[in-house]
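Observations on chain architecture
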Amino acid sequence: MESLKEISEYILEKDFFGILMHISPDGDALGSAFSLCRALQSIKKHAKILCSDPVPEKFSYMNGFIKQEEFNPQCLISVDVADEKLLGDKLKSFEHKVDVKIDHHKFGANFAKLNFVDSKSAANCEIMYEIILSLGIEIDKEIATCLYTGIATDTGCFKFSNTTAKTHLITSKLMDLGISADKLNEKLFIKKSRKRLETEKLINNNLEYFCDGKCAITSVTLEEMEALKISENELDGIASIPIETEGVDIGVVIKEKTSNFYKISVRTTDKVDAAEFCKIFGGGGHSRAAGFSSTLALEELKKEILNKLGKYLNF
């Protein structure tokens, strides 16, 4: 794996960048991409963000931080992408062409020419903070806002076990740059639309408990989303709902992305390694938050998850 210095030197040699994110981009992926894009544009480089899915409405404030440009990228940089298959169908043509991978996931493939992965970082935006400084670029209020967004969302507003002293040190420096942390926290974690509340009600209604209450599984299908007129945006962050139940050590959310294609999000306590569990299904992630995808029918998928999970919980 390359060093921070090698990554920075390589980037500074290029002028036209395409910044790639994973499907269903979360706050960390978006914060990483937008902060890097703005940083590169600030030193007169040409940069644009590429993703198979649109930016969720709750993160749309970052759209105003960058200039929209059209050009053919000379250098492709993936951020917060553990594996190329997570780029999605719209970016499939970029597979095997990524120049730089910047990531923090425990399990993944070094698919780029140059790879920088630090699984000890709570958020990819922690790495991005260091990279932008290594590039010799001054972090302004807008870049700081993007970085804060990624760090805050990937740590559950600093509640998750991945939060470290380094996380707080970086955040304090971002706050010194004048970001409105209170307003961002309200937007990201407190205020909810009516549709979002309907989504949470659906998720809770579909919740099932197994293994003497140690496992909670819920699901949301396309049919249910259409009936309630729920958009993909309203599903952001629902993965944490099952694990909030007292006594639950592993929470599973099954989301139908397209007909009979499911994205599974897993959240755990320190008694279960989420990344190790999801690796069984060809997925990955972090020790407390991971995921995988499947084309099994919903009920068959639940049975398969429970079958494998029993070994982890001694059932």
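Scroll up to find the structure this text is about.
Let me sum up the structure you'll find in this document. (Residues numbered from 1 in each chain as written. Predicted model: local features only at pLDDT ≥ 70, side-chain atom pairs only at ≥ 80, totals over all residues. Heavy atoms only, no water.)

**Section: the environment of Glu244**
Tracing the sequence through the fold places Glu244 in the loop between α8 (222-228) and β8 (250-258). According to the relative accessible area criterion, Glu244 is exposed, its value standing at 60%. Along the backbone, Glu244 and Ala216 are 28 residues apart, and their C-alpha atoms lie at a distance of 9.7 Å. (Helix = DSSP H or I, 4+ residues; strand = E, 2+ residues; numbered from the N terminus. Buried < 20%, exposed > 50% of the residue type's maximum accessible area, 1.4 Å probe, protein only.)

**Re the sheet that holds strand β2 (residues 46-50)**
What holds strands together in a sheet is hydrogen bonding between their backbones, with the strands either parallel or antiparallel. If you trace the 5 strands from one edge of the open sheet to the other, you get β2-β1-β3-β4-β5, paired in parallel fashion. Two strands bound the open sheet, and with one partner strand each, they are β2 and β5 (114-117). With direction set aside, neighbouring strand axes in the sheet form an average angle of 15 degrees. Note: strand β1 (residues 16-20) against β2, 5 bridges, orientation parallel. Each residue of the ladder has a partner; that of Leu20, found in β2, is Leu50. The sheet contacts of helix α2 (residues 27-42) involve β1, β2 and β3 (75-79), and relative to β2 the element is tilted by about 165 degrees. Each of β3, β4 (100-103) and β5 touches helix α3 (residues 124-134); the most contacted strand, β4, lies at about 125 degrees to it. (Pairing = 2+ DSSP bridges. Axes fitted to C-alpha atoms, helices over the stretch in contact; angles between N-to-C directions. Contact = heavy atoms within 4.5 Å.)

**Considerations on the packing of aromatic side chains**
Applying the stated criterion across every chain yields a total of 4 aromatic pairs. Ring centres of Tyr148 and Phe158 lie 6.0 Å apart, and the angle between their planes is 55 degrees; on these two criteria the pair is classed as tilted. With a gap of 10 residues between them, Tyr148 in helix α4 (residues 141-154) and Phe158 in the loop between α4 and α5 (165-176) connect regions that are remote in the sequence. The partly exposed category is assigned to Phe158, whose relative accessible area is 22%. Aromatic pair Phe281 and Phe292: ring centres 4.3 Å apart, planes at 10 degrees, arrangement stacked. Here Phe292 lies in strand β11 (residues 289-294) and Phe281 lies in the loop between α9 (274-279) and β10 (284-285), a separation of 11 residues in the sequence. In this arrangement the basic side chain of Lys48 is found over the ring face of Phe71, its NZ or CZ atom lying 5.0 Å from the centre. (Phe/Tyr/Trp six-rings, centres within 6.5 Å; stacked < 30°, edge-to-face > 60°. Lys NZ or Arg CZ within 6 Å of the ring centre and 35° of its normal.)

None of this, on its own, says anything about what the molecule does.
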